[in-house]
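Per-entry structural report
So you can see what is in the structure, the chains are spelled out below.
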Amino acid sequence: MCGIVGYAGGRPALGIVMDGLRRLEYRGYDSAGVAVVDAGELLVEKKSGKLVNLEKCLAERVDTGFDVGMTGIGHTRWATHGGPTDRNAHPHLSADGRVALIHNGIIENFARLRADLAADGVEFRSDTDSEVAAHLFAAELRGVQIGGPAALAEAMRRTARRLEGAFTLLAVAADTPGAVVAARRNSPLVVGRGVRENFLASDVSAFMEYTRDAIELGQDQVVLITPNAVEITGFDGTPAVGTAFRIDWNVSAAEKDGHEFFMLKEIAEQPQAVADTLLGRLDGLDLDLGDVRKIVIIGCGTAYHAGMVARYAIEEWARIPCDVEMASEFRYRSPILEPGTLVIAISQSGETMDTLMAVRHARAEGARVLAICNTHGSTIPRESDAVLYTRGGPEIAVASTKAFLTQLTALHLVAMDLSSPPGIAAALAHVPDQLRTLLGEMDPVRKLANDLADARQVLFIGRHVGYPVALEGALKLKELAYMHAEGFAAGELKHGPIALIDEGTPVICVVPSPSLRLLHDKVVSNIQEVRARGARTVVIAEEGDDDVVPYADTVIRVPRTPALLAPLMTTVPLQVLACSIAAARGYDVDQPRNLAKSVTVE
Ligand code: M6R
């Protein structure tokens, strides 16, 4: 959650920090703030609500220092402790206003620290856990004997050692222009290395316009950036080095490129994203998965749904037992992880805390972990035994679209690597073209969205790989259109959920490929059952599947694929439907309420 940016260099920091915040706003949009250091002055502005509110405030400020200071930090917030108000917006300041600090994460021992600081006479100006870190850092800075930027690093190490929980902290001090110091524990932070300028950010999209050279940090590290240096140490002061990497995302990938929403752009990018995921991998993967006797897939939200789809392919093609579990539940039930268990952790961001904790648990129990991830420099791949990057490019919209399709693609590649199902490589190679065709045929879905925009509820049903697609369709609609939407295994309807259906209830039916004859026919029966109770049936069916026509109020066609690859097609109309319904209802498609893209708290 929360997006963090820092800059120390030879250019005015404000524009660079604000650009970074624009790219990181998907991480949280409850408030935003910046601090700039110029000639011994610390200038701060912060505002509740989206970044645009901060931009308006800044436009009205006339102090020139703000425009010329070459050291700065910025924050965009997803609120945890304290409501989304101006006073809880970051940066938080020391009592004398000479130090500014921003925070992502949760400081678990903040109540005790706050009480101690209050007893020492510190007056708090916010309800956040973060403000304690600002006061602690300022107090430690006063106690450090050395001067200059090194003092900031030492004060940050001392501060970090007193904190419990998850945190990325960035701080600047009025008396130390040209330096930004940061600490990291269980919360994302990457360094960008430029020429006579350096950057810090929650992820590389914030600075990739300025540099392609980045450094991954380890846990429990402090990093000090000045225009000409990056110095990394452990919290105990031991010198450390990060892992350098090149950023291969292109800058335009993080822009809307004429699309109304990032989500629409990302839906449109799916053919290329899937092609990139497949590139050079159809003949096998460069992965040493060892002796795999059981697979456990973990992930959250959309990533969990991708895992549910993959289970069918892994078990059918590779005949390896496969469990799928929500990462947030995994470690709390003492899962049995035997030698030969491969845990596959799926995460677009690579930072989801529930998934990260599950990865750590799995490794501590002796399992090997393969990460399927989109984001270089993120924590989950770094802490896994192996990684398969999805190559989807930046996904900015909160609702996952291309992440899902590229995760499915990567998972199918893994399943193929463990087996060698005939014909699947050729079918996968054809998928990008099929997606292009499908995306060109979405007008009926957009029209349907207008019809359904006022529905009280929308139900989704599917079987086999269509069941997780139904769950994914419902999740998209909930998160974007704030409608009651539920996905069900079609066979379960008669065990309860069918009672939800009354006259006109839209039911979206994901029909299996006719090649799965028995299942297909059962879903056709399920469609008749809901229709008999008044449902308005919207049927997603393969081209040429005419069995569904008599029972469908609307048919949406998708290209033919092998049955196990069908979710690569059937998901797409559901993405477009949710996006279009949300737009028709007048909601912010890219930044739905209460959510953030990267969920770095448990
Ligand atoms: O970054 P991750 O893939 O780990 O994120 C997992 C979920 O938070 C994410 O898929 C979420 O469910 C999406 N916003 C749904 O569209």
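Residues numbered from 1 in each chain as written. Predicted model: local features only at pLDDT ≥ 70, side-chain atom pairs only at ≥ 80, totals over all residues. Heavy atoms only, no water.

Within the protein, the regular secondary structure consists of 18 helices and 25 strands. Relative to the globule expectation of 25 Å for 602 residues, the C-alpha radius of gyration of the protein, 25 Å, shows essentially globular dimensions. Oriented by its inertia axes, the alpha-carbon framework of the protein measures out at about 80 × 50 × 45 Å. Classification of the 602 residues of the protein by burial places 62% in the buried group. Surface exposure of the protein reaches about 21,600 Å², of which carbon and sulfur atoms provide 49%. (Helix = DSSP H or I, 4+ residues; strand = E, 2+ residues; numbered from the N terminus. Rg over C-alpha atoms; globule rule 2.2 N^0.38 Å. Buried < 20%, exposed > 50% of the residue type's maximum accessible area, 1.4 Å probe, protein only. Areas by Shrake-Rupley, 256 points an atom, 1.4 Å probe, with all protein chains shown as cover.)

To continue, consider the pairing of strand E3 (residues 41–48). Bridging between strand E2 (residues 31–38) and E3 involves eight bridges; their strand directions are antiparallel. Of the residues in E3, the one forming a bridge with Ala35 is Val44. Following E2, the chain reverses through two residues before pairing antiparallel with E3; Ala39 in that reversal takes a positive phi of roughly 45°. (Pairing = 2+ DSSP bridges.)

We now examine empty space enclosed by the protein. On inspection of all chains with the given rule, the structure shows seven cavities of 30 Å³ or more. In this structure, the largest cavity spans a volume of roughly 110 Å³. Lining the largest cavity are 15 residues; nearest its centre among them are Tyr26, Asp203, Gln348, Thr375 and Glu395. Here the lining of the largest cavity is composed, by residue class, of four nonpolar, six polar and five charged. Summarising the domain contributions, the lining of the largest cavity has at least three residues from each of domain 1 (3–255) and domain 2 (259–438). (1 Å grid on protein atoms, 1.4 Å probe; cavity = no way out; pocket = protein on both sides within 12 Å on 5 of 7 lines; lining within 4 Å. Points joined across faces, edges and corners; volume = space filled by probe spheres on them. Nonpolar A, V, L, I, M, F, W, Y, C, P; charged D, E, K, R; others polar. Domains from an automatic or database assignment.)

Lining the immediate environment of the ligand, one finds 14 residues, of which Ser347, Gln348, Ser349, Thr352 and Glu479 sit closest. At 3.2 Å, a backbone N or O of Thr302 approaches an oxygen atom of the ligand. When isolated, the ligand has an accessible area of 410 Å², and the protein chains bury 91% of it. Listed by contribution, the elements that provide at least two residues to the shell around the ligand are helix H9 (301–318) and helix H16 (466–481). A per-class count over the shell around the ligand returns five nonpolar, seven polar and two charged. Counting contributing residues per domain, the shell around the ligand is built from domain 2 (259–438) and domain 3 (441–602), each supplying no fewer than three. (Near = heavy atom within 4 Å. Polar contact = N/O pair within 3.5 Å; in protein donor to acceptor, adjacent residues only side chain to side chain.)

This part covers the sheet that holds strand E17 (residues 322–326). The strand order across the open sheet built from five strands is E17-E16-E18-E19-E20, with neighbouring strands paired in parallel fashion. The open sheet has two edge strands with one neighbour each: E17 and strand E20 (386–389). Pairs of neighbouring strands in the sheet enclose a mean axial angle of 20°, with direction left out of account. With four bridges joining them, strand E19 (residues 368–373) and E20 adopt parallel strand pairing. Residue pairing for E20: Cys373 is matched across the bridge by Tyr389. Taken strand by strand, H9 contacts strand E16 (294–299), E17 and strand E18 (341–347), and its axis lies near 170° from that of E17. (Axes fitted to C-alpha atoms, helices over the stretch in contact; angles between N-to-C directions. Contact = heavy atoms within 4.5 Å.)

Here we take up H16. If you check H16, its first and last C-alpha atoms are 22 Å apart, about what 16 residues at 1.5 Å a residue would give, namely 22 Å. Within H16, 13 of the 16 residues are buried, which leaves it mostly tucked inside the rest of the structure. Trailing H16 by a residue or two, Tyr482 shows a phi angle of about 55°, which is positive. (Expected span 1.5 Å × (residues − 1).)

The subject of this paragraph is the environment of Gly544. When you line up the elements, Gly544 lands in the loop between strand E24 (536–542) and strand E25 (554–558). In this structure Gly544 touches Arg557 and Arg560, once residues within four positions along its chain are discounted.

The next subject is the sheet that holds strand E10 (residues 198–201). Pairing is antiparallel across the open sheet formed by eight strands, whose spatial order is E3-E2-E4-E1-E10-E9-E11-E15. Unpaired on one side and paired on the other, E3 and strand E15 (243–246) mark the two borders of the sheet. Neighbour-to-neighbour, the strand axes of this sheet turn through a mean angle of 15°, independent of strand direction. Both strand E9 (residues 190–193) and strand E11 (residues 213–216) contribute to a ladder of four bridges, which runs antiparallel. Paired with Val191 across the bridge in E11 is Ile215. Along the sheet, helix H1 (residues 13–24) makes contact with strand E1 (3–8), E2, strand E4 (71–77) and E10, crossing E1 at roughly 155°.

For the rest of this paragraph, the subject is the domain arrangement of the protein. Once the domains are mapped, the protein shows domain 1 (3–255), domain 2 (259–438) and domain 3 (441–602). The straight-line distance from the C-alpha centre of domain 1 to that of domain 3 is 43 Å. Across the contact, 12 residues belong to domain 1 and 10 residues belong to domain 3. Across the interface of domain 1 and domain 3, roughly 940 Å² is buried in total on both sides, 52% from carbon and sulfur atoms. Of all residues in domain 1, Tyr26, Tyr29 and Trp78 bury the most surface against domain 3, accounting for 51% of the area lost on that side. Linking domain 1 to domain 3 there are one salt bridge. Put simply, Lys50 and Asp588 hold a salt bridge, and the shortest N to O gap is 2.4 Å. The interface formed by domain 1 and domain 3 contains seven residue pairs in polar contact (both at pLDDT 80 or more). Among the residues forming the side of domain 1 that touches domain 3, the class breakdown is five nonpolar, four polar and three charged. (Buried area = accessible area lost by both parts, 1.4 Å probe. Salt bridge = Lys/Arg side-chain N within 4 Å of Asp/Glu carboxyl O.)

Before going further, it helps to spend a moment on the packing of helix H14 (residues 424–439) against helix H18 (residues 567–584). Viewed as axis vectors pointing N to C, H14 and H18 meet at an angle of 20°, and their least axial separation amounts to 10 Å. Put simply, H14 runs roughly parallel to H18. By crossing handedness, the relation of H14 to H18 is classed as right-handed. Between H14 and H18, the residues in contact are Leu428, Val431, Gln434, Leu435, Leu438 and Leu439 and Leu568, Met569, Val572 and Pro573, respectively. (Parallel < 35°, antiparallel > 145°, perpendicular 65-115°, else oblique. Left-handed = near helix turned anticlockwise from the far one by under 90°.)

Empty pockets left among the atoms are what a rolling probe the size of a water molecule brings to light. What the largest pocket holds in volume is close to 610 Å³. What lines the largest pocket is a set of 29 residues, among which Cys300, Gly301, Thr302, Lys597 and Val599 lie closest to the centre. Every element with two or more residues in the lining of the largest pocket is listed here: H9, E18, helix H11 (353–364) and H16. Considering every element that reaches the lining of the largest pocket, the biggest residue donor is H9, with five residues.

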